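Residue-level structure breakdown
Chain residues, written in single-letter form:
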Amino acid sequence: MGMERQAVELTNLDELWRAALSEIELQVSKPNFLTWFKNSRLLENHDGSALVALPNGFAKEWVESKYHKIILGSIRSISNETKNVEYVVEGSLSQKAISRRRRENQQKQDERQMVFQEMRVDPITGLNPKYSLTSFVVASFNELAHSAAQAVVENVGTKYNPLFIYGGVGLGKTHLIQGVGNEIRRISDNRIGVKYVTSEKFANDVIWAIKNRRAEDIKSAYRSADVLIVDDIQFLGGKETTQEEFFHTFNALHENNKQIIISSDRPPAAIARLEERLRSRFEGGMIADISCPEYEARVAIAKTKLQERGASLDDKIVDLVAKRVQKNIREIEGILNKLVFHQITYKRALDISTTEKIISEVTNRSASRATPNQIIKAVASFFEISPNDVIGRSRSKEYVEPRQIVMYLLRDTLNMSYPDIASRVGKRDHTTAIYAYKKMVVDLEKNPELGRKIILIKEDVNKFE
Ligand code: ADP
Ligand code: MG
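Keep in mind the model is a prediction, meaning the values are calculated, not measured.

1. Observations regarding the domain arrangement of the protein chain
Per the domain assignment, the segments of the protein chain are domain 1 (2-113), domain 2 (143-290), domain 3 (310-365) and domain 4 (372-463). The C-alpha-based centres of domain 2 and domain 3 are spaced at 35 Å.

Here it is, written out as structure tokens:
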């Protein structure tokens, strides 16, 4: 009996942490998430207090000082009895306690690992085996991109080169382009060399090479690939030296019929501060977009995700999630994690109102947990101007609308006071902020285009630090 209870409790801890992590993931940048949360786990959660273990003292200090609020909020949104979170270094508990936990935890290890399959990246290719084409659900919203990808698998380097995939956040770009890489490896018995990088990694490599006078290393590392996959290329915007290097890499590969695959959150023409010659290279191959999944596709994806993790939810619950969340598959996954956790914990099927509550928690949180800076940067990036101009004093006409949107969002999503808002955007007088907010509210009623802008900006907010 004692053992049994313990086992149930441990399952819950893992499920709870898994659900909390998928919340946390929506609120911190991906590199930070991977760096700081990869070897974390939840050791205890009772009497209102949760205990989180981090792999070393540095991680513990850092996570505790930087992410405490987010962690507490994420745990509380699932287990609202929790009032406090404490942190320990993994292994600092007594050896006996650890080995007992280890034994009990053994079969859970794999499951927890699923959250961090992100980490099981092949060091040579940069590919993560969890992204396969078989687990990629195809429907009309991504059909074009998928068939182009399939064609590239069958005609590496010769059919569509480059292949340029674009689409919004959380819609499957990374999954698809990594799936292509994995599939090419598989079919060729690993004979075709694939290299996957994010554009940030590429940029960092270039900077490193310049600093250490090792330009040749970079050249040979990138130019020896048979297939080069670069994710989120939009981040090269404005990085001139990196663009220059990428241009030469691109040409060297292209001339030798090596395959290049690129993803971006927008089409080449819409990437700000991208050199013309790169833009025209990108446009010289196949461009395919991934749009938003239609309802049936969202249901199919949700069911696939549940099946992959051996969980199940009532059809009407899946249906509700699919109806509510329309633009971000990653968010759908986060909600499913929370729902499954809830169902396991309370050992009964979820009802509609609980489900509604969990859905709105996840979807609202994405925008309302943002910082003022994230909002300013998201608005600036949307209008392709600099954040400083958004909050600066210039009266130039092009800054008026972005500035008003910033003031509106600071009020609407963060509920900031008018004087705070005014000082954020470099105004002395808080009546400006009141005026801007009221004007936006009125304009929004009349102008659907403005509403769409606001939605797009809100969806982008979490991409910024
Ligand atoms: P993006 O790179 O466009 O931001 P990702 O590729 O990271 O999006 O996808 C977000 C999540 O949604 C991933 O966990 C991915 O597996 C899942 N996903 C996206 N599209 C699909 C799909 N068509 N079928 C199955 N899972 C998908
Ligand atoms: Mg991605």
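2. Regarding the site of ligand 1
In the region of ligand 1, 17 residues are neighbours, and G170, T174, H175, R330 and E333 sit closest. At a separation of 2.7 Å, an oxygen atom of ligand 1 approaches a polar backbone atom of G170. A distance of 2.7 Å separates an oxygen atom of ligand 1 from a polar atom in the side chain of T174. For ligand 1, the protein covers 94% of the area, taking 550 Å² as the surface of the free molecule. Elements that contribute at least two residues to the shell around ligand 1 include exactly α6 (173-187), α11 (295-308) and α13 (329-346). Tallied by class, residues from the shell around ligand 1 come to six nonpolar, seven polar and four charged.

3. A short note on unusual backbone geometry
Cis peptide bonds are those with omega within 30 degrees of zero, and the linkage from N161 to P162 qualifies with 0°. You can see P162 is positioned in the loop between α5 (143-154) and β4 (163-167). The phi torsion at N190 lies on the positive side, around 65°, for a residue other than glycine. We classify N190 as partly exposed; its relative accessible area is 48%.

4. Quick look at helix α19 (residues 430-446)
Since the α-helix turns once every 3.6 residues, residues separated by three or four places project in the same direction. For α19, spanning 17 residues, the distance from its first C-alpha to its last is 25 Å, which sits close to the expected 24 Å at 1.5 Å a residue. Turning to α19, its buried residues are A433, A436, Y437, M440 and D443. All buried residues of α19 lie within an arc of 135° about the axis, which places them on one face of the element. Structural note: α19 exposes Y435, K438, E445 and K446 on the side pointing more than 90 degrees away from its buried face. Its buried side turned inward, α19 meets α17 (400-412), α18 (418-424) and α20 (448-460).

5. Thoughts on the packing of helix α15 (residues 372-383) against α20
At their nearest, the axes of α15 and α20 sit 9 Å apart, and the two run at 125° to each other. As the angle between them shows, α15 and α20 are arranged oblique. Taken as a pair, α15 and α20 cross one another with a handedness that is right-handed. Contacts from A378, V379, F382 and F383 in α15 reach K453, L456, I457 and D460 in α20. Residues that form the contact of α15 with α20 fall into these classes: six nonpolar, no polar and two charged.

6. A closer look at the sheet that holds strand β7 (residues 259-264)
Ordered by their spatial adjacency, five strands build an open sheet running β5-β6-β7-β4-β8, and the pairing between neighbours is parallel. Two strands close off the open sheet at either side, each with one partner strand: β5 (194-198) and β8 (286-290). The average undirected angle you get between the axes of adjacent strands in this sheet is 15°. Relative to β8, β4 runs parallel, the two sharing five bridges. Counterpart to I165 in the pairing with β8 is A288. Here helix α7 (residues 199-211) sits on the sheet and contacts β5 and β6 (227-231); the angle it forms with β5, its principal contact strand, is near 90°.

Each value, and the rule that gives it
- Residues numbered from 1 in each chain as written.
- Chains lettered and ligands numbered in written order.
- Predicted model: local features only at pLDDT ≥ 70, side-chain atom pairs only at ≥ 80, totals over all residues.
- Heavy atoms only, no water.
- Domains from an automatic or database assignment.
- Near = heavy atom within 4 Å.
- Polar contact = N/O pair within 3.5 Å; in protein donor to acceptor, adjacent residues only side chain to side chain.
- Areas by Shrake-Rupley, 256 points an atom, 1.4 Å probe, with all protein chains shown as cover.
- Helix = DSSP H or I, 4+ residues; strand = E, 2+ residues; numbered from the N terminus.
- Nonpolar A, V, L, I, M, F, W, Y, C, P; charged D, E, K, R; others polar.
- Buried < 20%, exposed > 50% of the residue type's maximum accessible area, 1.4 Å probe, protein only.
- Expected span 1.5 Å × (residues − 1).
- Arc of directions from axis to C-beta.
- Contact = heavy atoms within 4.5 Å.
- Axes fitted to C-alpha atoms, helices over the stretch in contact; angles between N-to-C directions.
- Parallel < 35°, antiparallel > 145°, perpendicular 65-115°, else oblique.
- Left-handed = near helix turned anticlockwise from the far one by under 90°.
- Pairing = 2+ DSSP bridges.

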